[in-house]
Amino acid sequence: MSVNAWRRVALLAWNDVRLTSKDRSSLVWMLAMPVAMMWFFGTVFAGGSGGPPRISLTVDDRDGGWLARAFVDELRGEQVNLAEVGSGDDVPRLRTLVVPEGFTENVLAGTPRTLRLELDPEADRQFDMGAVVHVRRAQLRVLGRLLEMKLDPDFVAADAASSERYRALAAAAPPVSLAVSTAGAGQGVPSGFGQSVPGILTMIVLMMTLIYGGVFLIIEKQQGMLRRQLSLPVTRGQVVAGKLLGRLLIAGLQIVLLLAVARFVFGLSLGSSPAGLALLTASYALAVACASIFLGAVFSTTEQASTVGWIASLVMAGLGGCWWPSEVMPEWLQTAAHAFPTAWAMDGFHALISFGRGVEAVALPSLALLAFAALFGVLGTRFLRIG
Amino acid sequence: MARSPNRVLLLFRKDLLRRRRSPLGVLAMIAFPLVFAGMMALAFSGETALPRARLLLEDRDDGLVGGFVKQALAAEQIAEFIELVEVGEEGRQMLEDDEASALLRVPEDATSRLLAGEDVELELVRNPAQSILPEIAEQVAATMADVMSILTRLVRRQVEVLDLPDLTELESFRDLTDQDFATISVALRHTFTEAGSFVAAPPIAFEQVTLGEEKRDEDEDEDEDEDGSQTGLIFLFVLPGISVYALFLIGDQMMRDLLEEGRLRTLQRQLSAPVTAGQILAAKVLLTGVVAAAVLLILAAIAGFVARTPVDPAAFAALALALVLAVTGFAALIYGVARTDRQGATISALVYLVLAFGGGSFVPVDNMPAAMRAAAPFSPFYWGTRGFQDLVQNGAGLADVAGAVGVLGGLGLALLAAGSVLLKRKVLRGGAA
Amino acid sequence: MTDLEPPFAGFEELSASSAYSPFMIQVENLSKSYGDVRAVCGVSFEVAGGEIYGLLGPNGAGKTTTLSMMAGLLAPDEGRIRYDGVDLAERPLAVKATLGVVPQENALYEDLNAREHLRLWGGLYGLSGAELDAAVDRVLGEIGLGGRAKEPVKKYSGGMKRRLNLGMGLVHSPRIVLLDEPTTGIDPQARINVLDVVRGVAAGGAAVLYTTHYLEEAQQLCDRIAVIDHGAFLAEGTLAELQDMVGGEEVVTLAGDFDDVLVERLLGREGVRLLARESGRLVLATAGGGERRGAVELLSALFGEGVKMDSVSIEPPSLNSLFLKLTGRELRD
């Protein structure tokens, strides 16, 4: 294309950007809403600490003896929101561990006593499982110390020194410990904002570009503006290129702004490869821009385009791993989800943000996204009827 | 002379006909909850609730400790959660390539250090791109470390008590004599014998009970459901919340049409005929209610079919009426306030999304922080979701959904009254602000 | 008087009780302002049954605002509107039942077809059963959409939409018809069809108010015309009466550069009046008619003096020249 032709393409593109920016609702949906959603999901799934979500566990200590108290102390941990009955703590009674009366005396004497974990039927099952594991581990450690005490020939159950002996055992460092670290150079286990930011960004950019990009194209078709543009000294391809460039700019700008919010407002590290991030986001923006052209080309009313665009975005976002970690899906579904650009985008974001890898790690996802762009671009150009 | 037709019905039928000719918007609102719930069911269904976590084991010890770890992780009970893969140095790269959930590394001198009375640190490296499966791997590994610590301490205690040879002076494990092995075996046997009664009948037992259900023993297979039921359960768990959201969107679509008609000038045209603003508004309200009720009926029928539990008709009718009132009331108020149909669409989309998230339509309320849990009942979506869930999952009766009916119905009536006043003024202005 | 059926029970008594008037439309001192902008200022007129009364003016003159008030869509700030002696403000619904309104915008539902539109509007005006069916068939024939009555409006051309728009205002055989620029944006043939329908409506005894900015339409169609600009009536009467107001003068428009001396000399000639002077344009009224045509004499003089002109036009007395005379602007501007 000549310089003049490029200039016309750029003018057409800039006009679309301007039209979109004049629409206040689009600004709300493209910026305000995704930031709010990032905050919401980041807060809900993090408990604010950036770590895995905390399990709510209430203890009803009906014994009060030293062993019961020691057991309760064993339950405290980073992953548990522990509360005690009668203490005034505001934790819902979703899971209540009842330590029965006579627990200390009977256990020390060798008479079994049963800890009872009462689960609310409406509580989340995943958290219930986590609570069971937590309590079982505490049970294991306490039993281990009691066994060690019992093997001591000097052990006398009712002896007051036994509580001191137990405390000494509990305070001692375990011979076998587990040091946990995270692979890669990234920011660690994605939870809270680390999970929500890439996922929400991927979904919202797709949804808004599809809907607004597709809808505006249809409005231009309906109002005869596209046909009018074709009456200019431009080719059909240049008109389409202008539309595409406009949507690419809008999507790109949205991505940049949301990443800036993620970095400076939510404090999320964006990895250590600006080049990789640029390549991935540019490829994704191009893919969704082409998809919006395809949507606007195929449908003839704004209602059709916005409805289909919205549902398609939700499905692609859900299956692509934008809402929940994709590892929880069956393997076949994880593979099938790569029929959508969202899955490739999330792969790329995980490589950059979670693993802290470089541009080479996003080469394949970017290539896949460019392939999507080519496919949608060709189809959109083919089906777009102007005049 | 023929009797004059009812103008409200005429206008209602006109809008119904238009919707029939352009049904995509309504069909989308029926499809959306089904697609969404189906997708969730598909994503989270399977032989178990979650896939197994792939745990790579790099045993640099090749001794007692490494052997114990391998055996423990390969045990049948653990294999339900963990897929163990033994690897060498390539394990780290495999993890970086997102081929596993975690890597457990047994250090080179683990056994000799442990025997020498020193502490040993196992290393677990988690896959940062995953969040649930590595957590499972970590819990399993941490539990195993607890067990190893207990056994180590018990054995060391026996070493102290039984005066066993100083194993730290050995250069390698293979330097132990038969006598040494015999002594260690006796010590271990003594430990396990003493511990036998503890292990067989631990003084601290554990049971878990779901309130309202039969007691579940920890050895029972909790998941007696087949794959299909698991999928159905997830589908039914998700469907109510999303359906309530879709209903509000339906109400939004129908009421938005009033302002759109202002833009198209068909509203002004109606006003130039012997039609009152009240009649125009009544027709729109009727349309909103009828379409919302129809969508709710379809979704409830599908949910009832999947659940295979009978739905109490009285409870359903009451909840449906209350929901429809709430949906219509909200839509009337929003479009009474909005200046244009597009502005109203933006306001309603934002308001409904916030109320849906806050009310537990997308994320269970129980998973939210305390402050948000406390705020949830202020959202009509909370009551709608709960009521619908109780109906289709728990076979609730009229008394069980009375709370939801009361809140939704009362709110709906109040909002409809306020919204109608605003809308009527808007209609008289030809749909202008 | 008309031979139309009374629109509602009690109509005749109501009419008899008010001041009797042969006019079916009576507008008195109608005014409407939007902030500081006076859209309609003190407009008064009357329309008799069987008459087509035209409101002629450029865009923004106040035609649509006037018609909107008359259709009951806008409340006037001042003034009164009566139909068959019944005040619109006092009995809006009853009065609206007698009106047929054809708005400027097409205001149609894209997914419904012509028959459905007409049935809906006929129903809203109180028709039902066989009466409604007959009315719909009649109107479809009149507007020429009988063959495409079952196709959705989104498939119609602009002219077809206009015709349907017209038909919706006539399906209930109204006694009074208000039309707001019904031929805007349609082809000449379609325009002819619309005008024929309007003539037929008036011939049936209805009082017709017709707003337009097309001179030719007003001249061809209307029995009486009111010229409106900036919300006020400038002149009113039959075509002949309005042309007389022009005084038989011809309007001479000269394009070129004319200095003050020349202009003064021209204006000194007998029967020559200045209508407008702009850069490069001079508009003069000259006494016309009879044996002496002032325009010809003027031009002969200009040519004789060798005055350079880019173009010359002579316009016989017309509504445009009247508008030009009254406002200094052409109706076409």
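Residues numbered from 1 in each chain as written. Chains lettered and ligands numbered in written order. Predicted model: local features only at pLDDT ≥ 70, side-chain atom pairs only at ≥ 80, totals over all residues.

Attention shifts here to the domain arrangement of chain A. Along its sequence, chain A is carved into domain 1 (3-48 + 190-383) and domain 2 (55-171). The C-alpha-based centres of domain 1 of chain A and domain 2 of chain A are spaced at 51 Å. (Domains from an automatic or database assignment.)

Turning our eyes to something else, we now look at the nonpolar core. By size, the foremost hydrophobic cluster in this structure holds 289 residues, and its most contacted members are Leu55 and Leu319 of chain B together with Leu178, Val208 and Leu209 of chain C. Sort the elements by how many residues they give to this core and helix H12 (residues 313-337) of chain B lands first, with 17 residues. In this structure, valine 208 of chain C is in contact with Glu51, Ile52, Tyr53, Val177, Leu179, Val198, Val201 and Ala202 of chain C, ignoring residues within four places of it in sequence. If you look at the next biggest cluster of nonpolar residues, it comprises 28 residues, including Leu57, Val59, Leu97 and Leu119 of chain A. (Core = buried A, V, L, I, M, F, W, Y, C linked by C-beta atoms within 7 Å. Buried ≥ 20, exposed ≤ 12 C-beta atoms within 10 Å, placed from the backbone. Helix = DSSP H or I, 4+ residues; strand = E, 2+ residues; numbered from the N terminus. Contact = placed C-beta atoms within 7 Å.)

As a rule of thumb, non-glycine residues mostly have phi less than zero, and peptide bonds are mostly trans rather than cis. Phi is positive for arginine 265 of chain B, which is not a glycine, with a value near 75 degrees. Its place among the elements puts arginine 265 of chain B in the loop between helix H9 (227-264) and helix H10 (266-272). Classification of arginine 265 of chain B as partly exposed rests on a count of 17 C-beta atoms within 10 Å. The backbone phi angle of alanine 107 of chain C is positive, close to 45 degrees, even though this residue is not glycine.

For the rest of this paragraph, the subject is the interface of chain B and chain A. In this complex, chain B contributes 79 residues to the contact, which on the side of chain A involves 79 residues. Where the side of chain B that touches chain A is concerned, the elements lending two or more residues are helix H2 (24-44), helix H5 (91-96), strand E4 (120-126), helix H7 (133-162), helix H8 (178-200), strand E5 (204-210), helix H13 (341-359) and helix H14 (370-375) of chain B. The greatest single-element share of the side of chain B that touches chain A, amounting to 18 residues, is contributed by H7 of chain B. Counted by class, the side of chain B that touches chain A contains 47 nonpolar, 16 polar and 16 charged residues. Direction of pairing for strand E4 (residues 113-119) of chain A relative to E5 of chain B: parallel, over a ladder of seven bridges. (Nonpolar A, V, L, I, M, F, W, Y, C, P; charged D, E, K, R; others polar. Pairing = 2+ DSSP bridges.)

Moving on: the environment of glycine 410 of chain B. Residues and elements named next belong to chain B. Position of glycine 410 relative to the elements: it lies in helix H16 (residues 402-428). Of the residues examined, glycine 410 has 14 C-beta atoms within 10 Å and is grouped as partly exposed. The spacing of glycine 410 and methionine 94 is 316 residues in sequence and 59 Å in space, taken between C-alpha atoms.

Now for the interface of chain C and chain B. Contact residues are listed per partner, giving 23 residues for chain C and 23 residues for chain B. Secondary-structure elements contributing two or more residues to the side of chain C that touches chain B are helix H3 (92-96), helix H4 (114-124) and helix H5 (129-143) of chain C. In terms of residue count, H4 of chain C provides more of the side of chain C that touches chain B than any other element does, five residues in total. For the side of chain C that touches chain B, the class distribution of residues is 13 nonpolar, five polar and five charged.

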